[in-house]
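Residue strings, one per chain:
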Amino acid sequence: MADNALTAPLRSPLAQAADRLATATRASGGAIRLAELPFLTQINVRLDAKGAAAEAVGLALDLQLPLQPNTVVRAGELTALWLGPDEWLLVGPPGSERDLEGRIREAAGDEFVSVIDVSAQRTTLLVTGPRARDLLAHGCPLDLHPRAFGPGRCAQTTLGRAQVVLVARDDPRAGFWVLVRSTFAGYLADWLLDAATEYVRRDV
């Protein structure tokens, strides 16, 4: 029997906000850049950090899971975020979910490991530019000074009133990732756009 189901194209949570984010970026005169990074692969991994699985998974991914609280390790296109003593979030390019899940499970073997694809739960906002820290500081309770939250740091926190995972990228010029649940993405985009009006050039 023929499959008559219609397959709708993927639509990111912030597709409707893309033009407004781009407009705010241009109007800031280079002070900030706001954009969505849609469809990044996000895999939640739980295992014993001191067990054999941790080392095996690290070797399989060519990336050792970070053991220091609230730190980030990156290798190639894959980034690992420390979320807890036995929990990490792996962020990779779109479409790599099955490959990553398979490699992790195969490497872990009989060792206990929890691997959950949470890619659809969140989207990612990119916030960069010379005033990116100032912009985020308007609504984030963390001390975002580079000495306290420099490159290679991450934290589960709030921005505005939304729960987010905030990541300071390993190159200061790369700015920040803000991982937010898809249901709160529109609210957070509106919040960022409102906060960004402080940096809009009046001569444009």
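Note that this is a predicted model, so its numbers are computed, not measured.

S.K.: Would you mind showing me how to read the overall build of the chain here?
M.R.: Helix and strand counts for the chain come out as five helices and 10 strands. For the chain, whose C-alpha radius of gyration is 18 Å, the value lies close to the compact-globule estimate of 17 Å for 204 residues. Overall, the C-alpha framework of the chain stretches about 60 × 60 × 30 Å when taken along its three principal axes. Taken across its 204 residues, the chain has 47% of its residues classed as buried. Total accessible area on the chain is roughly 11200 Å²; 51% of this is exposed by carbon and sulfur atoms. Side-chain charges of the chain comprise 21 positive and 24 negative groups, with the mean position of each set lying 8 Å from the other.

S.K.: How do you make sense of the side chain of Arg-122 when you look at a structure like this?
M.R.: Residue position: Arg-122 is located in strand 7 (residues 122–128). Here Arg-122 sits buried without a salt bridge, and the closest side chain of opposite charge, Glu-87, lies 6.7 Å off (N-O distance). Among the polar contacts made by the side chain of Arg-122, one reaches the side chain of Gln-42 at a distance of 3.2 Å. Other than its neighbours up to four places away in sequence, Arg-122 contacts Gln-42, Leu-89, Val-165, Leu-179, Val-180, Arg-181 and Ser-182.

S.K.: In this structure, what is going on with the sheet that holds strand 2 (residues 41–46)? I would like to understand it.
M.R.: With antiparallel pairing, five strands are arranged side by side in an open sheet as 3-4-5-2-6. Each edge of the open sheet carries a strand with a single partner, namely strand 3 (72–75) and strand 6 (114–117). Averaged over all pairs of adjacent strands, the angle between strand axes in this sheet comes to 20°, irrespective of strand direction.

S.K.: Sorry, what's going on with the sheet that holds strand 9 (residues 162–168) here?
M.R.: Spatially, 1-7-10-9-8 is the arrangement adopted by the five strands of the open sheet, whose pairing is antiparallel. This sheet does not close on itself; its edge strands, each paired only once, are strand 1 (33–37) and strand 8 (153–159). Put simply, the sheet's adjacent strands are angled 25° from each other on average, direction ignored. Most of the contacts of helix 1 (residues 18–27) go to strand 1, to which it runs at about 155°, and overall it touches strand 1 and strand 7.

S.K.: Which parts of the structure should I look at to understand the nonpolar core?
M.R.: As a rule of thumb, nonpolar side chains are buried together in soluble globular proteins. Judged by nonpolar contacts, the single largest core of 33 residues is most densely connected at Leu-34, Leu-135, Leu-136, Leu-159, Val-178, Leu-188 and Leu-192. Of all the secondary-structure elements, those providing two or more residues to this core are helix 1, strand 7, helix 4 (132–137), strand 8, strand 9, strand 10 (176–181) and helix 5 (182–196). In terms of residue count, helix 5 provides more of this core than any other element does, eight residues in total. Of all hydrophobic cores here, the second largest spans 19 residues; its members include Ala-54, Leu-61, Leu-78 and Trp-82.

S.K.: I'm lost on helix 1 in this one. Help?
M.R.: Along an α-helix, residues three or four apart share an orientation, since each turn contains 3.6 residues. Listing the buried residues of helix 1 in full gives Leu-21, Ala-24, Thr-25 and Ala-27. Residues of helix 1 that are buried make contact with strand 1, strand 7 and helix 5. Just downstream of helix 1 lies Gly-29, where phi reads positive at about 65°.

S.K.: What's the story with unusual backbone geometry in this structure? I'm lost.
M.R.: A negative phi holds for most residues other than glycine; trans holds for most peptide bonds. The phi angle at Phe-39 is positive, at roughly 65°, despite the residue not being glycine. Within the secondary structure, Phe-39 is located in the loop between strand 1 and strand 2. Taking the relative accessible area as the measure of exposure, Phe-39 reaches 37% and is therefore partly exposed. Despite not being glycine, Asp-62 shows a phi value in the positive range, around 55°.

S.K.: Which parts of the structure should I look at to understand helix 3 (residues 97–108)?
M.R.: In this model helix 3 runs 17 Å from its N-terminal to its C-terminal C-alpha over 12 residues, within 8% of the 16 Å that 1.5 Å per residue would give. Glu-97, Leu-100, Glu-101, Ile-104 and Ala-108 are the residues of helix 3 that are buried. Taken end-on, helix 3 shows its buried residues confined to a sector of 100°, consistent with a single buried face. Of the residues in helix 3, the exposed ones pointing more than 90 degrees away from the buried face are Arg-98 and Glu-106. The first or second residue beyond helix 3 is Gly-109, which carries a positive phi of 60°.

Cut-offs applied
Residues numbered from 1 in each chain as written. Predicted model: local features only at pLDDT ≥ 70, side-chain atom pairs only at ≥ 80, totals over all residues. Heavy atoms only, no water. Helix = DSSP H or I, 4+ residues; strand = E, 2+ residues; numbered from the N terminus. Rg over C-alpha atoms; globule rule 2.2 N^0.38 Å. Buried < 20%, exposed > 50% of the residue type's maximum accessible area, 1.4 Å probe, protein only. Areas by Shrake-Rupley, 256 points an atom, 1.4 Å probe, with all protein chains shown as cover. Lys, Arg positive; Asp, Glu negative; His and termini not counted. Charge placed at Lys NZ, Arg CZ, Asp CG, Glu CD. Salt bridge = Lys/Arg side-chain N within 4 Å of Asp/Glu carboxyl O. Polar contact = N/O pair within 3.5 Å; in protein donor to acceptor, adjacent residues only side chain to side chain. Contact = heavy atoms within 4.5 Å. Pairing = 2+ DSSP bridges. Axes fitted to C-alpha atoms, helices over the stretch in contact; angles between N-to-C directions. Core = buried A, V, L, I, M, F, W, Y, C linked by side-chain atoms within 4.5 Å. Expected span 1.5 Å × (residues − 1). Arc of directions from axis to C-beta.

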